[in-house]
Every structure is written in structure tokens, then in C-alpha cells.
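So the chains spell out like this:
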Amino acid sequence: MTIRVVVAEDQSAVRAGLVLILRSAPDIEVVGEAGDGEEAVRLARELRPDLVLMDVSMPRLDGVSATALVVAENLADVLVLTTFDLDEYVFGALRAGAAGFLLKNTDARDLLEAVRTVARGEGLIAPAVTRRLIAEFAGTAPARRAKATDPAVLDALTRREREVLGCLGAGLSNAEIAARLSMAEATVKTHVSRLLGKLELRSRVQAAVLAQELGVRRPQ
């Protein structure tokens, strides 16, 4: 299956480099390019891509606001490009429902794999980076959170869904969760989808943060 991508990056040279890399893959098609957030949202509405590769800092409409609109309208998954300064842009994109985060200095191979990972429905990109983000968001930056999360939200989950949530909090991929919990990868995807729905979350990254906030640990 071909993955249809819109690239949103205001620096033309950087955007051209990203497009060149993406077009080198036979399973990825760049269907649109945007130089600002408003154009990114317009193209997402018009083209309905599988994924928007979104820079967080852009003119007219920043990447966080653009991400929020794309996700709220279920137009596409959003993979955010960031320098990873762990500033409010990154946390804002997380709250907006970004499916993952990618460093701008990522090499070509990892960029392509990140796009494929999100397209498979796995939003946790580069586990080491994600774990650092989760730790910063959930552990050392309480002021950034709007309010404390009520542990009672977990009551709606089955035991298995809690186990999967704990694995998400540890930054595990679907394949890693399947191996740890001795279940099929397709079953893991089903559990992830259901727990996101029950918890009213937009992405696996949000689920991972919630697991950290509430102390939900992966099974040993």
C-alpha cells in the first residue's frame, strides 16, 4: 500500500530535502507540499493524505494549531518535526494529538521508517526519544499539564488493556508488546484502538503520557 504524505515545512531547502528523501521510497508518495500551517490544513482537507509531516514552527498558522485542526477533523495522522528543545511547541503538539515526533536531524533511513511506523498505526517514534519526552512531560514538568488526571479513568479498561497501556507508557512498539504479552500483533492493535477510545485519547503518545502520569507499569 502506498503511503500518501503532505510535507509542511516553511524552509524551502529543508522541505525540498524531505520531499527528495520521501520520494526515494517506492511505497511513499508525496501528494502535497505546504510552506505554512494554513496551507497544510487546506491540503489535508483537499487531499486526505495518510500522514502530514508537520514542522512545529511555521508562519500564518503554527504547527501545533495546524496539528490540532488536522487531528480534530480526522484528516490524517500527524508526524511532527522538531528540534526537540522540549518547549511548549512540543507539548502543545502532544496535546493536539500528534501521532509522533521526529528530530529534524534524523537521517534518511530513520525518516522513512518513521513515516511507515505512523502509517501502520504505531505512533511511538524512536523509543529513546519518546521516553525522554514522556519523562519530561509526566515527571519533571507538572506545570505544563492543565490539570491532574483522575485515576478513575482507568476503571473502564480491562486487565489486558491496562497491561497494554503500561507497555505504551514504556515506549514499546506493537511487536514488542505482542512479544511481552504473548499475543498476536493484530490483537495488540485492537487493544490499543479500544483503550484510546475508552480514554478519549487521540494518539498512542497521549496514552503513553497518561500511563506515566498514573503510574501504570508494564507487566514484568
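Think of each chain on its own: its residues are numbered from 1, step by step along the sequence as written. Given that the model is predicted, a residue must reach a pLDDT of at least 70 before its local features are reported, and side-chain atom pairs must reach 80 or more before they are shown or counted; all residues, however, enter totals for whole chains, interfaces and linings. The side-chain values count all of the structure's non-hydrogen atoms but skip hydrogen atoms and water molecules.

Asker: Looking at this structure, I do not really get the overall build of the protein chain. What am I missing?
Answerer: The way it works is that DSSP assigns letters per residue, a run of H or I at least four long becomes a helix, a run of E at least two long becomes a strand, and they are numbered from the N terminus. The secondary structure content of the protein chain amounts to ten helices and five strands. Looking at the protein chain as a whole, 49% of its 220 residues qualify as buried. Working rule for contacts: check all heavy atoms of both residues, and any pair within 4.5 Å makes them a contact. Restricting to contacts in the protein chain with at least 6 residues of sequence separation, those with at least 24 account for 67%. Per-residue and other accessible areas follow the Shrake-Rupley method at a 1.4 Å probe size, with only the shown protein chains counted as cover for residues. For the protein chain, the accessible area works out to roughly 10100 Å², and carbon and sulfur atoms hold 49% of it. Note on classification: 1.4 Å probe, protein chains only; a residue is buried when its accessible area is under 20% of the maximum for its type, exposed when over 50%, partly exposed between these limits.

Asker: Would you take a moment to explain the sheet that holds strand β3 (residues 51–55) for this structure?
Answerer: Pairing between the strands of a sheet comes from backbone hydrogen bonds, and it takes one of two forms, parallel or antiparallel. DSSP-based pairing: two strands are paired if at least 2 bridges between them are found. Here we have five strands laid out as an open sheet, ordered β2-β1-β3-β4-β5, and parallel in their pairing. Whereas interior strands pair on both sides, the edge strands pair on one side only; in this sheet they are β2 (28–34) and β5 (100–103). Neighbour-to-neighbour, the strand axes of this sheet turn through a mean angle of 25°, independent of strand direction. Pairing between strand β1 (residues 3–8) and β3: four bridges, direction parallel. Paired with V5 across the bridge in β3 is L51. Against the sheet, helix α2 (residues 37–47) makes contact with β1, β2 and β3, and its axis sits at roughly 135° relative to β2, the strand it touches most. Note on method: axes are straight lines fitted to C-alpha atoms, helices fitted across the in-contact stretch only, with angles between N-to-C directions ranging 0 to 180 degrees.

Asker: Teacher, can you tell me more about the confidence of the model for the protein chain here?
Answerer: Where the model shows low pLDDT, its predicted coordinates should not be examined in detail. On average, residues of the protein chain score 84 in pLDDT, and 85% of them are at 70 or above. pLDDT under 50 marks residues 140–147. Its contacts with residues more than four places away, or in other chains, come to eleven contacts. pLDDT expresses, on a scale from 0 to 100, how confident the predictor is about each individual residue.

Asker: I'm lost on the side chain of N174 in this one. Help?
Answerer: With respect to the helices, strands and loops of the structure, N174 is situated in helix α8 (residues 174–181). By the criterion applied in these results, polar contacts are pairs of N or O atoms within 3.5 Å in which, for protein atoms, one can donate a hydrogen and the other can accept it, and in which residues neighboring in sequence qualify only through two side-chain atoms. At 2.6 Å, the side chain of N174 and the side chain of R204 are in polar contact. Setting aside residues up to four positions removed in sequence, N174 forms contacts with E122, E185, V188, K189, V192 and R204.

Asker: Can you walk me through the packing of helix α1 (residues 12–23) against helix α5 (residues 108–119) in this structure?
Answerer: How two helices sit against one another is set out by the angle between their axes and by the gap between those axes. It is the contact of α1 with α5, at a shortest axis distance of 10 Å, that shows an interaxial angle of 70°. Between α1 and α5, the interaxial angle falls into the category roughly perpendicular. Taken together, the residues of α5 that come into contact with α1 (itself represented by L18, I21 and L22) are A108, L111, L112 and V115. Residues are sorted three ways: Asp, Glu, Lys and Arg are charged, Ala, Val, Leu, Ile, Met, Phe, Trp, Tyr, Cys and Pro are nonpolar, and all the rest, Gly among them, are polar. Classifying every residue of the contact of α1 with α5 gives seven nonpolar, no polar and no charged. Every angle not falling under 35 degrees, over 145, or within 65 to 115 is termed oblique; those three ranges are roughly parallel, roughly antiparallel and roughly perpendicular.

Asker: How do you make sense of unusual backbone geometry when you look at a structure like this?
Answerer: Glycine aside, residues mostly have negative phi angles, and peptide bonds mostly take the trans form. If you check the backbone angles, R48 has positive phi at about 45° while not being a glycine. Examined against the element boundaries, R48 turns out to sit in the loop between α2 and β3. The phi dihedral of S182 is positive, around 55°, even though this residue is not glycine. Among the structural elements, S182 can be located in the loop between α8 and α9 (185–199).

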